[in-house]
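Per-entry structural report
Spelled out from the first residue to the last, the chains are:
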Protein chains: 2
Amino acid sequence: MRPREGNGASREPRRVTSFDVARAAGVSRAAVSRAFTPDASVSEKTRQKVYQAAKELGYRVNYLARSLTNKRSDFVGLVAAGLDNPFRTQQLEHLARALIARNYRPILLPTSKEADSATVIGQLLHYAVSGVIITSDAPPSHIFEECAAEGVPIVLINKGEDFPFVDRVVSDDRMSGYIAADHLLEAGAKRLAVVAGAAVSYSSRRRAEAFLARCQMLGIEAPLVPVAINDYRHGHDAAPALVDLGIDGVFCVNDYMACGVLDGLAKAGRGGGAVRVVGHDDIPQASWSAYELTTFLQPCDVQAEQVIDLLVSRISEPDAVARVEFTPVTLIKRRSA
Amino acid sequence: MRPREGNGASREPRRVTSFDVARAAGVSRAAVSRAFTPDASVSEKTRQKVYQAAKELGYRVNYLARSLTNKRSDFVGLVAAGLDNPFRTQQLEHLARALIARNYRPILLPTSKEADSATVIGQLLHYAVSGVIITSDAPPSHIFEECAAEGVPIVLINKGEDFPFVDRVVSDDRMSGYIAADHLLEAGAKRLAVVAGAAVSYSSRRRAEAFLARCQMLGIEAPLVPVAINDYRHGHDAAPALVDLGIDGVFCVNDYMACGVLDGLAKAGRGGGAVRVVGHDDIPQASWSAYELTTFLQPCDVQAEQVIDLLVSRISEPDAVARVEFTPVTLIKRRSA
DNA sequence: CTGTTAGCGCTTTCAT
DNA sequence: ATGAAAGCGCTAACAG
C-alpha cells in the first residue's frame, strides 16, 4: 500500500528523516541526532557534513518525535480570559514573545463558559507540555493535583494566596491602591471612592482594599462602588452613582473600566476634570487624548520575564518551594488627575 | 539508571501508558487505542472496560506519539502581527476559539522584526502542523514552497492576489470603500478624503481605492491622505492636514486609526461632528461614547469560520484549486457620521 | 471484533 | 567521537 516513491499523483509528500540525512552524509543516525543537539559530543567535521546534507535534503528535526524520548515537549499552555481588556492582550503578547525567545511554543487557550480552564488544561496534558501559564480565573484545585502528578508546573498571574503551593507573579497591588489615594488627594480631591468588582478578581480586590485602607489611615471616609465586571460598560454605568455621591476623586482598579467611568461622567455632565480619575495598567487607550488617564504602569514585559523565570526554574527544580514574584508599578501622571 | 519505581525522592513521575491500561483492562494495547479513536471498531463492552481502567489509572492518550504515526499533529500555527490594534486581537481570539472548537490547537506566533514570519513559520514546520493561518504580513514566497513541500496548507487573511495559489479570506473591501463614500455624502459632507497607509496593507489599499473610485464615479475630487501606519498615533497626527484641506467627510481604513483622527480633529478645534468620520472594523472602542464611530462591522466570528473551513477542506483535498472567500461587511451608523 | 506485528522519527545507553 | 541497538507511546495492517 504505502508508496515509497511519489508517482506524480501521490499524496503524502515523503518527509525527510534523520535516516536520509545519515545516509547522505555517510554517518549514523545517532550522529545526525547529535549534530542537532546542543552540546552533544560530535566532531566539528561530522557536524558540518550533517548540516550540509540536511540543507540539501531540506531536513528538519521532528520535534514531536524528539519529545517522545525526552518525555517533555517544548509547548507551554497559555490560558487566558478577558482578552477584550486591552491589558490582557498586551500581557498575552508579551508572554508569547518571551516564551518563544526561550524556545518554548505557546499554545493559546482562551477560556469561556464552554471552555473553562479545567477542561482546557486537561486537554493540555495530552501534549506533554512543559508548563502552564494562567492569566484567567484560577482553576479548581483538582487541576493542580493532576498537573503535579504529571510533573507539569503551573504559574499563576495576579491570582490569590489560596494557592500557596503554586508559583505566582502578582502586581504590587497594595502599592498602587495606597498611592492612588495619596495622589487623588494631592490633586485636590475631597471626596474619594473606588470602583471595583470585588468578587471578580484578586488584583481588583487587593487594589481596592489597599486604597480603602489608606483612606482610613488618613481618616477619610471613602465608599467602594461595586460593579459586576471591571469593564468599560460597567464603568460607564457606574458614573451616575459617583455623581450622586458627590465624589470628586475616583480610583478605578483598571483602565479598561476607567475609560468607561470617564465617558459616563462626561455624559452625566461631570466631565472635563470635575472628577479626578486614576486607573490602572496603562493600556494604550489611557494615553489617547480623549482620556489622558492618570494610571499605574504594570510593565508586562518584565512581568512576562518573571513568569518565564519562575517556569524554567521550576522545570529544573521541580521540588523547590513555591515562589511569589511582585511586579512593580509606576504612577503615570496625566490630565485625568 | 532509569528507575522504574519511584522511591520517594525520584523525579520523572512515571507516566501511565496504553500498555498499563491494556493490562488493567485485560485487553491488548490496540484495543485501548481503538477505544480512544472515534469510529474505530470496538465493542461497547471493551470500550467500557478500557475507559474504566483508564480512569482509575489516570491515563491520557499521548497525542504527540499519536501524531508520530499519523504523520500530522493537531497543531495549527497562528501567525499574527499588529496586536496593538484591537481588531487584530478580536480576530485572533475568534480564530483560536474556532480552531479549538474543531479540535485543533493554536500555536501563537506574534511576529516582529526579530521574529519575522518566515523564521517563525520555519519553526512551525518542526511540529508537523496541520496548517498555518497568517494575519500578519505575507511571508516571502519560498515559505509557500517549503510548506507545500511538507504538505502544510496555508490560509491568508486579508492578503492580496499576489498569491493566487493560496487559500485566502478577504474582507469585502470594495464594498466598504464604496458605501463609505456614499454614506458620507448622504450625511451632508461636501469635501471628502480618505486616510490610509497605502503601502502598508492589502485591505487598506483596496478600501482606499474603492472609496476613490466611487468618488470619481460621482464626479467628486477627493484626496488620499497617506500615513505610514494605520494606527492611532498616525491618525491623530493626520488630523491637521485634513483641517487644512477643508475636509468635512473622511473615511479611515480602520477604526484604530479613526479614533486617532477623531481625537486629532478635536484638538484642532474641529471636533463634535464638524467633520464626519467613517471607520472600519467596529472595534470595541468604536462604540465607546467618546467616539461613537460610524463604521463597518467586519465579523470576525464568521471570518474565523471561513478560515477554518478553508483549512480543513484543504487538508482533506490537498490538490483542490485555491479558493478565496469574502467576508461581508455591514455599515454601523453612529454619531460620527 | 480483537490481538499480533511492525513501524512512526528520534534519542540514548553501551560498546568500541 | 562514533555506531549498533533498544525503546519512547501509539496506531495501522494483517490475520483470525
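By the naming in an unreviewed UniProt entry, chain A goes by LacI family DNA-binding transcriptional regulator and is assigned to Rhizobium puerariae.

1. A few points about helix H10 (residues 232–244) of chain A
All names here are of chain A. Its maximal kink placed at Ala238, H10 deviates by approximately 30°, while the proline Pro240 follows within four residues. Within the span of H10, buried status applies to Tyr232, Gly235, His236, Ala238, Ala239 and Leu242. Gly246 sits one or two residues past H10 and shows a positive phi near 70°.

2. Comments concerning the protein's contact with DNA strand D
Surveying the vicinity of DNA strand D reveals 28 residues, the closest of which are A:Ser41, A:Thr46, B:Ser18, B:Arg29 and B:Arg66. Among the atoms of DNA strand D close to the protein, meaning within 4 Å, 70% are from sugar or phosphate groups. With respect to DNA strand D, the backbone of B:Ser18 contributes an N or O atom lying 2.5 Å from a phosphate oxygen. Between B:Thr69 and DNA strand D, the recorded distance is 3.4 Å, taken from a side-chain N or O atom to a sugar or linking oxygen. Residue assignment for the surface near DNA strand D shows that the elements contributing at least two residues are helix H2 (29–35) and helix H4 (63–70) of chain A together with helix H2 (29–35) and helix H4 (63–70) of chain B. With five residues, the single largest contributor to the surface near DNA strand D is H4(B). Within the surface near DNA strand D, the residues separate by chemical class into 10 nonpolar, 11 polar and seven charged.

3. Looking at the protein's contact with DNA strand C
Taken together, 28 residues are adjacent to DNA strand C, and A:Ser18, A:Arg29, A:Arg66, B:Arg34 and B:Thr46 come closest. Here, DNA strand C places atoms within 4 Å of the protein, and 67% of those atoms are sugar or phosphate. Between DNA strand C and the protein, one listed contact pairs a phosphate oxygen with a side-chain N or O atom of B:Thr46 at 2.4 Å. At the level of secondary structure, the elements contributing two or more residues to the surface near DNA strand C comprise H2 and H4 of chain A together with H2 and H4 of chain B. Grouping the amino acids of the surface near DNA strand C by side-chain chemistry returns 10 nonpolar, 11 polar and seven charged.

4. Points about the relation of the copies chain A and chain B
Rotating chain A by 180° and moving it 0.0 Å along the rotation axis overlays it on chain B with an RMSD of 0.1 Å. The operation mapping one copy onto its partner corresponds to a two-fold rotation axis. For chain A, the residue whose C-alpha comes nearest the rotation axis is A:Ile107, separated from it by 2.3 Å. Counting the interface residues of chain A, we find that 100% of their copies in chain B are interface residues as well, pointing to one common contact surface.

What counts as what
- Within any chain, residue numbers begin from 1 and follow the written order of that chain's sequence.
- Written order determines the labels here, with chains lettered from A and ligands numbered from 1.
- With the structure being a predicted model, the display of local features is reserved for residues of pLDDT at least 70 and the display and counting of side-chain atom pairs for 80 or more, all residues being used for whole-chain, interface and lining totals.
- Working from all heavy atoms in the structure, the side-chain values ignore hydrogens and water.
- The angle between axes fitted to the seven-residue stretch ending at a residue and the seven-residue stretch beginning at it gives the bend at that residue.
- Helical segments are the DSSP runs of H or I of at least four residues, strand segments are the runs of E of at least two, and each set is numbered from the N terminus.
- Exposed residues in this analysis have more than 50% of their type's maximum accessible area, buried residues have under 20%, and partly exposed residues fall in between, with area computed by a 1.4 Å probe over protein chains only.
- Whether a residue is near a molecule or strand depends on its heavy atoms: it is near if one of them lies within 4 Å of it.
- In the analysis that follows, any N or O atom pair within 3.5 Å is treated as a polar contact, provided that within protein one partner can donate a hydrogen and the other can accept it, and provided that, for residues neighboring in sequence, both atoms belong to side chains.
- Each residue gets one label: Ala, Val, Leu, Ile, Met, Phe, Trp, Tyr, Cys and Pro are nonpolar, Asp, Glu, Lys and Arg are charged, and the others, such as Gly, are polar.
- Copy-to-copy alignment: least squares on C-alpha atoms, limited to residues at pLDDT 70 or above in both.
- Residues are treated as being in contact if the distance between any of their heavy atoms lies within 4.5 Å.

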